[in-house]
Amino acid sequence: MKFSTSSALLLTAASLTSGASAFAFGSTNRNAAAKASTSTDAISTTALLAERPKIAENVLELIGNTPMVKLNKLIDTPGVEVVAKLESSNPANSVKDRIALSMITEAEKRGDITPGKTTLVEPTSGNTGIGLSMVAASKGYNLVLTMPESMSMERRVL
């Protein structure tokens, strides 16, 4: 996703009393955006949801396309832009969500596995296992995760 300074995307989050959040995507006019963000007038929920974001059909659609943020304070050199990719925005909070989806999708394409028929077995003790659990459950696979006895007690307790 590429943004220019002339077409800023305004994302305003409004905390609702129920603890839910509503998002409004808005103006490319910085003055209008500033005025809207400083206004003390109440904004109706209908207005906030008028251009609501796409709702995913399943959790797998949320993997990838993670947001990026400029690290403005890191480098003060004109013409240099440093950005960070926020992989923690994936559904299971890890870049490993991507590899889990890729592993299962590629095996399906090759015809090696079938939902409801194949039990997946993976030796893992971390985020790959968490990502595989999410993807396998979403696609209808049974999954068995194993861990070697040599793993530390702290890791085994997880």
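Up top is the structure these notes are about.
This section reports on the structure supplied with the text. No experiment lies behind these values; they were computed from the predicted model shown.

All right, on to helix α4 (residues 127-139) then. Across its 13 residues, α4 extends 18 Å between first and last C-alpha, which sits within 8% of the 18 Å expected from 1.5 Å per residue. Among the residues making up α4, those that are buried are Thr 128, Gly 129, Gly 131, Leu 132, Met 134, Val 135 and Ala 136. Taken together, the buried residues of α4 touch α3 (96-110), β5 (119-123) and β6 (142-146).

Turning to the pattern of salt bridges, a few remarks are in order. Summed over all chains, the structure comprises five salt bridges. Put simply, Lys 109 and Glu 106 hold a salt bridge, and the shortest N to O gap is 3.4 Å. Of this pair, Lys 109 and Glu 106 are both found in helix α3, three residues apart, which corresponds to roughly one turn of the helix. Taking the relative accessible area as the measure of exposure, Glu 106 reaches 36% and is therefore partly exposed.

Each pair of packed helices can be described by the angle between their axes along with the distance between the axes. Running from N to C, α3 and α4 point in directions that differ by 50°, and their axes come no closer than 8 Å. When the axis of α3 is compared with that of α4, the two are oblique. Considering only the axes of α3 and α4, their crossing is right-handed. The segment α3 lies against α4, with Lys 96, Asp 97, Ala 100, Leu 101, Met 103, Ile 104, Thr 105 and Glu 108 engaging Asn 127, Thr 128, Gly 131, Leu 132, Met 134, Val 135, Ala 136 and Lys 139. Here the residues of the contact of α3 with α4 sort into eight nonpolar, four polar and four charged.

In this structure, Ile 63, Ile 104, Ile 113, Leu 120, Val 135 and Tyr 141 are the most contacted members of the largest nonpolar core, which totals 13 residues. Broken down by secondary-structure element, the contributors of at least two residues to this core are α3 and α4. In this structure Tyr 141 touches Ile 104, Glu 108, Ile 113, Thr 114, Pro 115, Thr 118, Leu 120 and Ala 136, once residues within four positions along its chain are discounted.

Quick notes on the rules
- Residues numbered from 1 in each chain as written.
- Predicted model: local features only at pLDDT ≥ 70, side-chain atom pairs only at ≥ 80, totals over all residues.
- Heavy atoms only, no water.
- Helix = DSSP H or I, 4+ residues; strand = E, 2+ residues; numbered from the N terminus.
- Expected span 1.5 Å × (residues − 1).
- Buried < 20%, exposed > 50% of the residue type's maximum accessible area, 1.4 Å probe, protein only.
- Contact = heavy atoms within 4.5 Å.
- Salt bridge = Lys/Arg side-chain N within 4 Å of Asp/Glu carboxyl O.
- Axes fitted to C-alpha atoms, helices over the stretch in contact; angles between N-to-C directions.
- Parallel < 35°, antiparallel > 145°, perpendicular 65-115°, else oblique.
- Left-handed = near helix turned anticlockwise from the far one by under 90°.
- Nonpolar A, V, L, I, M, F, W, Y, C, P; charged D, E, K, R; others polar.
- Core = buried A, V, L, I, M, F, W, Y, C linked by side-chain atoms within 4.5 Å.

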